[in-house]
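Remarks on the overall topology
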Amino acid sequence: MNPMDMMQLAGRLGIFKKQHPKFGKFLKAVAAKGLTEGSVMEVKFKSTDEKEFVANIKLTPEDIETINMIKNMGRTNA
């Protein structure tokens, strides 16, 4: 990802956090519990016409590693 795209993404994430403060709290609560192999992550989408889409995955060690990599992307080693 080029630096300009990263800057735009950082700005958008800031807006997202302001508009959806409970989502960040939810993620922190999940992280505090700890991601473990076999846990199930579910995502549900409900469109404005009431159609629902649901997907879930049972976490594998590789999934947890990927999630941790994404989580650590924004951190710097200072």
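Structure shown above.
None of these values were measured; they are calculated from a predicted model. (Residues numbered from 1 in each chain as written. Predicted model: local features only at pLDDT ≥ 70, side-chain atom pairs only at ≥ 80, totals over all residues. Heavy atoms only, no water.)

1. Remarks on helix H1 (residues 3–19)
Its 17 residues place the ends of H1 25 Å apart at the C-alpha level, agreeing with the 24 Å of an ideal helix rising 1.5 Å per residue. For H1, the capping residue at the N-terminal end is asparagine 2, with a side-chain oxygen 2.9 Å from the backbone nitrogen of methionine 4. (Helix = DSSP H or I, 4+ residues; strand = E, 2+ residues; numbered from the N terminus. Expected span 1.5 Å × (residues − 1). Polar contact = N/O pair within 3.5 Å; in protein donor to acceptor, adjacent residues only side chain to side chain.)

2. Regarding helix H2 (residues 21–33)
Under the 1.5 Å per step criterion, the end-to-end length of H2 is 19 Å for 13 residues, consistent within 8% with the ideal 18 Å. In the stretch just after H2, glycine 34 is the one whose phi turns positive, near 95°.

3. A word on a positive patch on the surface
On the surface, a cluster of positive charge is made up of Lys17, Lys22, Lys25 and Lys28. Looking at the positive patch, the element that brings in the most residues is H2, giving three residues. Relative to the assigned elements, lysine 22 resides in helix H2. Assessed through its relative accessible area of 69%, lysine 22 is described here as exposed. (Patch = residues over 30% accessible without salt bridge, like charges linked within 9 Å, V, L, I, M, F, W, Y side chains within 5 Å. Areas by Shrake-Rupley, 256 points an atom, 1.4 Å probe, with all protein chains shown as cover. Salt bridge = Lys/Arg side-chain N within 4 Å of Asp/Glu carboxyl O. Lys, Arg positive; Asp, Glu negative; His and termini not counted. Charge placed at Lys NZ, Arg CZ, Asp CG, Glu CD. Buried < 20%, exposed > 50% of the residue type's maximum accessible area, 1.4 Å probe, protein only.)

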